[in-house]
Amino acid sequence: MQRRDTLKKIGLGAAVSLAAPSLWSCNRPTQTATVDTPEPTKLLRLSLAQWSLHRAFQSGELNPNDFAKITKSDFGLEAVEYVNGFYREKGSDTSFWKEMLQKSQDQGVKNLLIMVDEEGDLGNPNQAESQKAVENHFKWVDAAKILGCHSIRVNAFGDGAKEDVQKAIVQSLGKLCSYAASSDIQVLIENHGLYSSDPFWIKSIIEELKAPNLGTLPDFGNWCLSAKWGSTQADDCTEVFDRYEGVKTLLPFAKGVSAKSYSFDEKGEQPKIDYRKMLGIVKESGFDAYIDIEYEGLQQSEPEGIRLTKQLIERIWEEL
């Protein structure tokens, strides 16, 4: 699984400098300091997560190498997020990634990040295994660099006590972030089940490590604490973290947001996720990066689900 333009504000120093002559006036009211607060962003930027079309890619109906073209021509989107699983044999193939870059450039599509799965658990308390997992991620950092991405997305998985997994994660991410920093690539943790669906646990890892290129990719849907991958699409999760509090907690570290969507009702809404509430949290936070569409439902086809998600986000964002 990074992810940028920022809102520009008038500098306080410049304002004070311009006002300096009058500040010495004895009759002028005392100036009181103000505290900066996040400003709601007005610009909506959408991308497409490759997982939204995973069934079509896995069946061979679509070619994952054409992802940029499909994104632009079929859905009118101009930014993409890749999934490493569709390119398992191409991870270290520099020529392949240069070709993929050219394909995206030909379409005017921006490459944002690579979501990295199944390369070993970074939180494995066994140091030899966690070191292997770290090194397995290196090729995806290199591929992301070639593509012009800003980040890779990783999973904070590991078996064992929560404290032991956290210790291993901190050590692994320290090594991975150091490697990624040399390529100006960020490393993003997604809430993806088990311990990683506890946002305060993720927050504590980020605050402990203090790596400048370590951040988060909050997902609207993956808040199951009792299962790997964290999906809440079905009603079979025995322990679920509050999705709204979770996203709000991870947003200060976010370099992207994953707008997970499931099946739609007749009004075009998400019965399981209050999109108005969720997007309100995102907008009020001042978040100013891409929101990626990640349709995972079964009721609608993948193309229809993507379009309905896009329409839902655009409509609500405009109304907020």
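Here, the structure is the one placed above.
For the structure given in this document, a descriptive report is provided here. (Residues numbered from 1 in each chain as written. Predicted model: local features only at pLDDT ≥ 70, side-chain atom pairs only at ≥ 80, totals over all residues. Heavy atoms only, no water.)

This next bit is on the nonpolar core. Residues Phe220 and Ile291 are the most contacted members of the largest nonpolar core, which totals 84 residues. Here this core gets eight residues from one element, more than from any other, and that element is helix H5 (residues 127–147). Setting aside residues no more than four positions away along its own chain, Ile291 makes contact with Leu44, Arg45, Leu46, Ser47, Val257, Ala259, Leu279, Val282, Ile313 and Trp317. (Core = buried A, V, L, I, M, F, W, Y, C linked by side-chain atoms within 4.5 Å. Buried < 20%, exposed > 50% of the residue type's maximum accessible area, 1.4 Å probe, protein only. Helix = DSSP H or I, 4+ residues; strand = E, 2+ residues; numbered from the N terminus. Contact = heavy atoms within 4.5 Å.)

This part covers helix H4 (residues 94–107). End to end, H4 covers 20 Å across 14 residues, agreeing with the expected 20 Å (1.5 Å per residue, within 8%). For H4, the complete set of buried residues consists of Phe96, Trp97, Met100 and Ser104. Taken around the axis of H4, the buried residues stretch over an arc of 95°, which confines them to a single face. Exposed and facing more than 90 degrees away from the buried side of H4 are Lys98 and Asp106. Taken together, the buried residues of H4 touch helix H3 (67–75), strand E2 (79–83), strand E3 (110–115) and H5. Backbone nitrogen of Ser95 and a side-chain oxygen of the N-cap are separated by 3.2 Å at the start of H4; the cap is Asp93. In the stretch just after H4, Gly108 is the one whose phi turns positive, near 70°. (Expected span 1.5 Å × (residues − 1). Arc of directions from axis to C-beta. Polar contact = N/O pair within 3.5 Å; in protein donor to acceptor, adjacent residues only side chain to side chain.)

What follows concerns the packing of aromatic side chains. Considering all chains together, one arrives at 16 aromatic pairs under this definition. Taking 5.6 Å as the distance between ring centres and 55° as the angle between the ring planes, the aromatic pair formed by Tyr195 and Trp201 counts as tilted. Given a relative accessible area of 4%, Trp201 falls into the buried group. Aromatic pair Phe220 and Tyr275: ring centres 5.5 Å apart, planes at 80°, arrangement edge-to-face. Highlighted residues: Phe220 in the loop between strand E6 (214–216) and helix H8 (243–250) and Tyr275 in helix H9 (residues 275–284), separated in sequence by 55 residues. A residue is classified by how much of its surface remains accessible, and Tyr275, at 1% relative accessible area, is buried. (Phe/Tyr/Trp six-rings, centres within 6.5 Å; stacked < 30°, edge-to-face > 60°.)

Attention shifts here to the packing of H9 against helix H10 (residues 302–319). Close contact between H9 and H10 brings their axes to 10 Å; oriented N to C, the two are set at 60°. With respect to each other, H9 and H10 are oriented oblique. Of the two elements, H9 crosses H10, and the hand of that crossing is right-handed. Where H9 approaches H10, its residues Tyr275, Arg276, Leu279, Val282 and Lys283 are matched on the opposing element by Thr309, Leu312, Ile313, Arg315, Ile316, Trp317 and Glu319. For the contact of H9 with H10, the class distribution of residues is seven nonpolar, one polar and four charged. (Axes fitted to C-alpha atoms, helices over the stretch in contact; angles between N-to-C directions. Parallel < 35°, antiparallel > 145°, perpendicular 65-115°, else oblique. Left-handed = near helix turned anticlockwise from the far one by under 90°. Nonpolar A, V, L, I, M, F, W, Y, C, P; charged D, E, K, R; others polar.)

Let us look at the packing of helix H6 (residues 162–181) against helix H7 (residues 199–209). Between H6 and H7, whose axes approach to 10 Å, the crossing angle comes to 45°. One finds that H6 runs oblique with respect to H7. Every pair of crossing elements has a handedness; the one defined by H6 and H7 is right-handed. Taken together, the residues of H7 that come into contact with H6 (itself represented by Lys162, Val165, Gln166, Ile169, Val170, Leu173 and Gly174) are Trp201, Ser204, Ile205, Glu208 and Leu209. Residues that form the contact of H6 with H7 fall into these classes: seven nonpolar, three polar and two charged.

For Gln300, the location among the structural elements is in the loop between strand E8 (291–295) and H10. Residue classification places Gln300 among the buried positions, given a relative accessible area of 10%. Sequence separation between Gln300 and Ser263 is 37 residues; the distance between their C-alpha atoms is 6.5 Å. If sequence neighbours within four positions are ignored, Gln300 has contacts with Arg55, Tyr262, Ser263, Phe264, Tyr295, Gly305 and Leu308.

Here we take up the pattern of salt bridges. The full count for this structure, using the stated rule, is 17 salt bridges. Note that Lys272 is salt-bridged to Asp235, the shortest N-O span being 2.7 Å. With a gap of 37 residues between them, Lys272 in the loop between strand E7 (257–261) and H9 and Asp235 in the loop between E6 and H8 connect regions that are remote in the sequence. Take Lys272: its relative accessible area is 33%, and that puts it in the partly exposed class. The exposure class of Asp235 is exposed, given its relative accessible area of 73%. For the salt bridge of Glu319 with Arg276, the shortest nitrogen-to-oxygen distance reads 2.3 Å. With Glu319 in helix H10 and Arg276 in helix H9, this residue pair connects regions lying 43 residues apart in the sequence. The class for Glu319 is partly exposed, based on a relative accessible area of 45%. Through salt bridges with shared partners, a single ionic network connects Arg88, Glu118, Glu119 and Lys139. (Salt bridge = Lys/Arg side-chain N within 4 Å of Asp/Glu carboxyl O.)

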